[in-house]
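The chain contents come next:
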Amino acid sequence: MVSLSQPALEAFFAENDESPVVMLNLIRFEPEGGRERYLEYLGMAKPILARFGAKIVFGGDGLSVLSEGQTQGWDAVVLVQYPRRSAFKTMVADPDYQVAFKVGVSAIADIVLQPLKAIEDIR
């Protein structure tokens, strides 16, 4: 089920908005048609993302988990880059995105949505 933490969102939007942010989406699909509905959502969402300067930088199916600990993997991973936090905030409030979001929510049984910022010295 998709449920966003209001305090986490407020803290995220209150931080520095000068650099790009990548949103990590770890996704488990609904068993009955979830993957298909998610692909429908992506078709609706891609032009909206582009309008806000965002883009999907990676999307892939999860394979078997190799580490110990959490043994249940994810069906898919999607990384979406936004030019700034404010672009994400404006996009999720957009009426066209709200329509697409309803389709996306119907596809997802569980999700982790974690923003990431670049580590400058890693490359």
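Our structure's up above, just so we're on the same page.
The structure contained in this document is the topic of the report that follows. Keep in mind the model is a prediction, meaning the values are calculated, not measured. (Residues numbered from 1 in each chain as written. Predicted model: local features only at pLDDT ≥ 70, side-chain atom pairs only at ≥ 80, totals over all residues. Heavy atoms only, no water.)

Notes on the pattern of salt bridges
Alright, step 1. Counted according to the given criterion, the structure contains 5 salt bridges.
Alright, step 2. With its nearest N and O atoms 3.8 Å apart, the salt bridge here joins Glu-15 to Arg-85. Of this pair, Glu-15 sits in the loop between helix H1 (6-14) and strand E1 (21-29) while Arg-85 sits in helix H3 (residues 85-93), and the two are 70 residues apart along the sequence.
Alright, step 3. Classification of Glu-15 by relative accessible area gives partly exposed; the value is 46%.
Alright, step 4. In this structure Arg-85 comes out as buried when scored by relative accessible area, which is 12%. (Salt bridge = Lys/Arg side-chain N within 4 Å of Asp/Glu carboxyl O. Helix = DSSP H or I, 4+ residues; strand = E, 2+ residues; numbered from the N terminus. Buried < 20%, exposed > 50% of the residue type's maximum accessible area, 1.4 Å probe, protein only.)

Let's talk about the nonpolar core
Alright, step 1. Counting residues in hydrophobic clusters, the biggest one holds 26 residues, and the most contacted among them are Tyr-38, Tyr-41, Tyr-82, Phe-88 and Met-91.
Alright, step 2. With 6 residues, helix H2 (residues 34-51) is the largest single contributor of residues to this core.
Alright, step 3. Excluding anything up to four places from it in sequence, Tyr-82 contacts Pro-20, Val-21, Met-23, Leu-49, Ala-54, Ala-87, Phe-88 and Met-91. (Core = buried A, V, L, I, M, F, W, Y, C linked by side-chain atoms within 4.5 Å. Contact = heavy atoms within 4.5 Å.)

A closer look at the environment of Met-23
Alright, step 1. Considering the arrangement of structural elements, one finds Met-23 in strand E1.
Alright, step 2. For the pair formed by Met-23 and Pro-7, sequence separation is 16 residues and the distance between their alpha carbons is 17 Å.
Alright, step 3. Sequence-distant contacts of Met-23, defined by excluding residues within four places in its chain, comprise Phe-12, Val-78, Leu-79, Val-80, Tyr-82, Phe-88, Leu-113, Gln-114 and Pro-115.

A few points about the sheet that holds strand E4 (residues 108-116)
Alright, step 1. With respect to topology, 4 strands assemble into an open sheet ordered E2-E3-E1-E4, the strand pairing being antiparallel. Strands with a single pairing partner mark the edges of an open sheet, and in this sheet they are strand E2 (55-61) and E4. On average, adjacent strands in this sheet sit at an angle of 15 degrees to one another, irrespective of strand direction.
Alright, step 2. Looking at chain direction, E1 and strand E3 (residues 76-82) are connected through 7 bridges and run antiparallel. Opposite Val-21, over in E3, you have Tyr-82 as the bridge partner.
Alright, step 3. Where helix H4 (residues 95-107) meets the sheet, it contacts E1 and E4, and its direction lies at approximately 115 degrees from that of E4. (Pairing = 2+ DSSP bridges. Axes fitted to C-alpha atoms, helices over the stretch in contact; angles between N-to-C directions.)

Geometric values such as these leave the question of function open.
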